[in-house]
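Residue-level structure breakdown
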Amino acid sequence: MTYEEVLKSARACIGDSCKVCRVCNGVGCKNRIPGPGAKGVGDTAIRNYEKWQEIRVNMDTLHENTPVDTSLTLFEKKFRYPFFAGPVGAVNMHYSDKYDDLAYNNLLVDACAKAGIVAFTGDGMNPKVVESAAEAITAAGGMGVPTIKPWNLETIEEKLSLVKKAGAFAIAMDVDAAGLPFLKNFEPPAGSKTVDELRKIAEMAEAPFIVKGIMTAKAALKAEEAGAAAIIVSNHGGRVLDQCPATAEVLPEIVKAVGGRMKVLVDGGIRSGVEIFKALALGADGVLIARPFVTAVYGGGADGVQCYVEKLGAELADTMAMCGASTLSEISGEMIWRP
């Protein structure tokens, strides 16, 4: 199966909101919610993509011709590539009813594990979503990252008890989901968390805890204070707050603040292996990609996921070879050009 075949197949079944654009840049769907679009006018989602395009890579082929190693070790687990599938929720509402969250997570976790990476699973109002994700992660030998929404502490504890049994090698919370309408209306209150609250959650996780939704150096330091093992620089794909900076714009200052002491991942508008390279050159340890994996699942199931992973991996390896990096640790800021 080719990537073009994946896109063609997805267009026939993914619903009316997603246009399955050749490049998922936020323009075609803009502010369509429900749908893959963004909150407000869609400025943040579009900006995420465009700011990666402004960064260029510095070609340099005057170096030893050695094989390229794209592997990443994270929390003592080795992966083929430094990218992962990001968490997505309510797929049947935002896309089409070909999949619900349970079926989507089951397929994605297994397909990603077989492809040598991992999937971050989503969360939702239906408790069966996390239950099913935990089952899928268990079947994959713990190779998945359950992502819990910032509910009230009692609900979080209930959900964590499920995912801990799955033996997941890490557990995440997307604190940027605090801007989602259904969380704002949740009772007891859900949403933003204090450092003390986040510390309690990190302790309850009993596994490397990842905080997703960090957009400032100050917030990164708060996550570190709370005991997070890693952060994900993310504005929730531009879905929760208009007029945010792009993740590419804030990544360097966040890496400067906490890089080396905790793992720093990034998402938002990254759509190719070249952009993965750019993110690593800015100091990220790895990246997450979400929307295009939805397209891959709808367009080709497990084969679609495998096809997309191989596409990204080949693009990354080619960029590394053409810029003089044979391992991820050799990728540096000197290998990119920024305006």
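Up top is the structure these notes are about.
What comes next concerns the included structure. (Residues numbered from 1 in each chain as written. Predicted model: local features only at pLDDT ≥ 70, side-chain atom pairs only at ≥ 80, totals over all residues. Heavy atoms only, no water.)

Another point: the overall build of the chain. Scanning the chain from N- to C-terminus turns up twelve helices and twelve strands. Overall, the C-alpha framework of the chain stretches about 60 × 45 × 40 Å when taken along its three principal axes. Nonlocal contacts in the chain, meaning residues at least 24 apart in sequence, comprise 72% of its contacts between residues at least 6 apart. As displayed, the chain has an accessible area near 14,100 Å², and 52% of this comes from carbon and sulfur atoms. Each charge class in the chain was averaged separately, 36 positive and 41 negative side chains, and the resulting centres sit 4 Å apart. (Helix = DSSP H or I, 4+ residues; strand = E, 2+ residues; numbered from the N terminus. Contact = heavy atoms within 4.5 Å. Areas by Shrake-Rupley, 256 points an atom, 1.4 Å probe, with all protein chains shown as cover. Lys, Arg positive; Asp, Glu negative; His and termini not counted. Charge placed at Lys NZ, Arg CZ, Asp CG, Glu CD.)

This paragraph deals with the packing of helix 5 (residues 127–139) against helix 6 (residues 153–164). Running from N to C, helix 5 and helix 6 cross one another at 20°; their axes reach a closest spacing of 8 Å. Taken together, the axis directions place helix 5 and helix 6 in an arrangement best described as roughly parallel. Where helix 5 crosses over helix 6, the handedness of that crossing is right-handed. In this structure, helix 5 contributes P127, V130, E131 and A134 to the contact, and helix 6 contributes K159, L162 and V163. Grouping the amino acids of the contact of helix 5 with helix 6 by side-chain chemistry returns five nonpolar, no polar and two charged. (Axes fitted to C-alpha atoms, helices over the stretch in contact; angles between N-to-C directions. Parallel < 35°, antiparallel > 145°, perpendicular 65-115°, else oblique. Left-handed = near helix turned anticlockwise from the far one by under 90°. Nonpolar A, V, L, I, M, F, W, Y, C, P; charged D, E, K, R; others polar.)

With that settled, consider helix 1 (residues 3–11). Every α-helix carries 3.6 residues per turn, so stepping three or four residues along brings you back to the same face. Looking only at helix 1, the buried set comprises Y3, V6, L7 and A10. Taken end-on, helix 1 shows its buried residues confined to a sector of 95°, consistent with a single buried face. Residues of helix 1 that are buried sit in contact with helix 12 (291–323). (Buried < 20%, exposed > 50% of the residue type's maximum accessible area, 1.4 Å probe, protein only. Arc of directions from axis to C-beta.)

Here the bond from I33 into P34 is cis, since omega is 5°, no more than 30 degrees from zero. Locating P34 in the fold gives a position in the loop between helix 1 and helix 2 (43–54). In the Ramachandran plot, E206 falls in the positive-phi region, its phi being about 55° despite a non-glycine side chain. Within the fold, E206 resides in the loop between helix 8 (195–205) and strand 8 (209–214). Notably, Q243 is not glycine yet its phi reads approximately 65°, a positive angle. Here Q243 shows up in the loop between strand 9 (230–233) and helix 10 (247–258). Under the relative-accessibility criterion, Q243 is labelled exposed at 61%.

Attention shifts here to helix 10. For helix 10, spanning twelve residues, the distance from its first C-alpha to its last is 16 Å, which sits close to the expected 16 Å at 1.5 Å a residue. Among the structural elements, helix 2, strand 8, helix 9 (217–225), strand 9, strand 10 (263–266) and helix 11 (273–281) are those in contact with the buried residues of helix 10. Directly after helix 10, the chain includes G260, whose backbone phi takes a positive value near 95°. (Expected span 1.5 Å × (residues − 1).)

An order of 4-11-10-9-8-7-6-5 is seen for the eight strands of this open sheet, with the pairing classed as parallel. Each of the sheet's edge strands pairs with one partner strand only, and the pair in question is strand 4 (83–85) and strand 5 (120–121). Summarising the sheet, strand 4 and strand 11 (residues 286–289) pair through three bridges and their orientation is parallel. Within strand 11, the residue paired with A85 across the bridge is I289. Lying on the sheet, helix 9 is in contact with strand 8 and strand 9; it crosses strand 8 at an angle near 160°. (Pairing = 2+ DSSP bridges.)

Right, let's get into the pattern of salt bridges. All chains considered together, the criterion is met by 14 salt bridges. The salt bridge involving R80 is made with E310; its shortest N-O contact spans 2.8 Å. In this pair, R80 sits in the loop between strand 3 (77–79) and strand 4 while E310 sits in helix 12, placing the two residues 230 residues apart along the sequence. Note that R199 is salt-bridged to E225, the shortest N-O span being 3.9 Å. Pair noted here: R199 is in helix 8 and E225 is in helix 9, with a separation of 26 residues, a long-range link. Here the residues in one salt-bridge network are D176, K212 and D267, joined through shared partners. (Salt bridge = Lys/Arg side-chain N within 4 Å of Asp/Glu carboxyl O.)

So, to be careful, I would describe these as geometric facts and stop short of saying anything about function.
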